[in-house]
Structure formats: structure tokens, C-alpha cells
Amino acid sequence: MSLCFIILAGGNSHRFSSNITKPYQKIAGKSLIEISIIKALKFKQIKKIIVVYNRKDSKKLKSLKLKNIILVPGGNSRQQSTYNALKYLKKQKSVSKVLIHDAARPNFSTKLLSSILKNM
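Residues numbered from 1 in each chain as written. Predicted model: local features only at pLDDT ≥ 70, side-chain atom pairs only at ≥ 80, totals over all residues. Heavy atoms only, no water.

A. Molecular detail of the overall build of the protein. When you go through the protein residue by residue, the secondary structure sums to four helices and six strands. Taken from the N to the C terminus, the helices and strands of the protein come in the order β-β-β-α-β-α-β-α-β-α. Relative to the globule expectation of 14 Å for 120 residues, the C-alpha radius of gyration of the protein, 14 Å, shows essentially globular dimensions. Principal axes of the C-alpha set define a box for the protein whose edges measure 40 × 30 × 25 Å. Taking all 120 residues of the protein together, 43% fall into the buried category. For the protein, restricting intrachain contacts to residue pairs at least 6 apart in sequence, the fraction spanning at least 24 positions comes to 66%. (Helix = DSSP H or I, 4+ residues; strand = E, 2+ residues; numbered from the N terminus. Rg over C-alpha atoms; globule rule 2.2 N^0.38 Å. Buried < 20%, exposed > 50% of the residue type's maximum accessible area, 1.4 Å probe, protein only. Contact = heavy atoms within 4.5 Å.)

What follows is the structure in C-alpha cells.
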């Protein structure tokens, strides 16, 4: 099983009152995107991690200096962003299962992720 973890970070955070969009907010020195990536990297089953980003946030994303992460530009909606990531993966032909997660919600437990992977 070749598994990919997609992190959707392409939104505009319209309802969030800040100059910094939600995925780039920091908790304990790490952005919300980084927190999700760190959790996903704990699982050897996850072979690829894709971050779908908003083009207007490309400077913020580059400042994170993420390594071994695939970056895919998002679309005008969550649906379009998800489609962009899946379209990228289809060209790769090396992934059989996909997990999709929202970057603005990094508080998932590794126990939950472990259970999901076990039951896939």
C-alpha cells in the first residue's frame, strides 16, 4: 500500500481576523501546517505528503523550508484544491490510498491516525 497524506492549506481565512492566514499561525513555534506534517511523518506507511497552498501565501510557505514535501497550487474552492492534488497524484501512478486533512485543524491525535491507517 502506497499512501499519500494531503494537507489542504489553500483557503483565504476570510472569517479569521488576522493578517496571517490560519495554516501559517504558530503554536509553540510551529505553524499549523508544520504540526500536521510532523504528525504524518511519524508513520512509515505515508510515502508522500502534499501541501495544497494558496498562491498568495507562497512566500510564507517557502519561509517554512519544508523538506520532502510536494507543493501543489490550490484552486478557488476546497473541492478544486482537492482535485488539483488528486490530479497530481494520478499522474504519479504510485499511490493507492489517500488521506486528506485540513491544515487549519492540526489537533488530530496520532492514535486516531494510527487507527485509520490500520483499518484502511
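Read on for the rest.
B. Structural view of unusual backbone geometry. We note that Lys-65 has phi near 55°; this positive angle belongs to a residue other than glycine. Structurally, the position occupied by Lys-65 is in the loop between helix H2 (58–63) and strand S5 (70–73). Residue class for Lys-65 comes out exposed when judged on its relative accessible area of 67%. At Asn-68, a residue that is not glycine, the phi angle is positive and equals roughly 60°.

C. How the structure looks around the nonpolar core. Residues Phe-5, Ile-33, Ile-46, Ile-49, Val-51 and Leu-113 are the most contacted members of the largest nonpolar core, which totals 21 residues. Those elements that place two or more of their residues in this core are strand S1 (3–9), helix H1 (32–40), strand S4 (46–53) and helix H4 (110–119). When sequence neighbours within four positions are dropped, the list of residues in contact with Ile-49 reads Phe-5, Ile-7, Ile-37, Ala-40, Leu-41, Ile-69 and Ile-70. Of all hydrophobic cores here, the second largest spans nine residues; its members include Cys-4, Ile-6, Ala-85 and Leu-89. (Core = buried A, V, L, I, M, F, W, Y, C linked by side-chain atoms within 4.5 Å.)

D. Highlighting the sheet that holds S5. Pairing is parallel in the open sheet, where four strands are placed in the order S5-S4-S1-S6. Of all the strands in the sheet, just S5 and strand S6 (97–102) have a single pairing partner and so form its edges. Strand-to-strand twist across the sheet, computed as the mean angle between neighbouring axes with direction ignored, equals 25°. Where S1 meets S6, six bridges bridge the pair, whose relative direction is parallel. For Ile-6, the partnering residue across the bridge sits in S6 and is Ile-100. The strands that H1 touches are S1, S4 and S6; relative to S1, the one it contacts most, it runs at about 170°. (Pairing = 2+ DSSP bridges. Axes fitted to C-alpha atoms, helices over the stretch in contact; angles between N-to-C directions.)

E. Expanded view of the pattern of salt bridges. A complete count under the given rule lists three salt bridges for this structure. With a closest N to O distance of 3.2 Å, Lys-60 and Asp-57 form a salt bridge. The class for Lys-60 is partly exposed, based on a relative accessible area of 27%. Judged by relative accessible area, which is 2%, Asp-57 ranks as buried. Asp-102 is paired through a salt bridge with Arg-105; the nearest N and O atoms lie 2.4 Å apart. One continuous salt-bridge network, built from bridges that share partners, spans Arg-78, Asp-102 and Arg-105. (Salt bridge = Lys/Arg side-chain N within 4 Å of Asp/Glu carboxyl O.)

None of this, on its own, says anything about what the molecule does.
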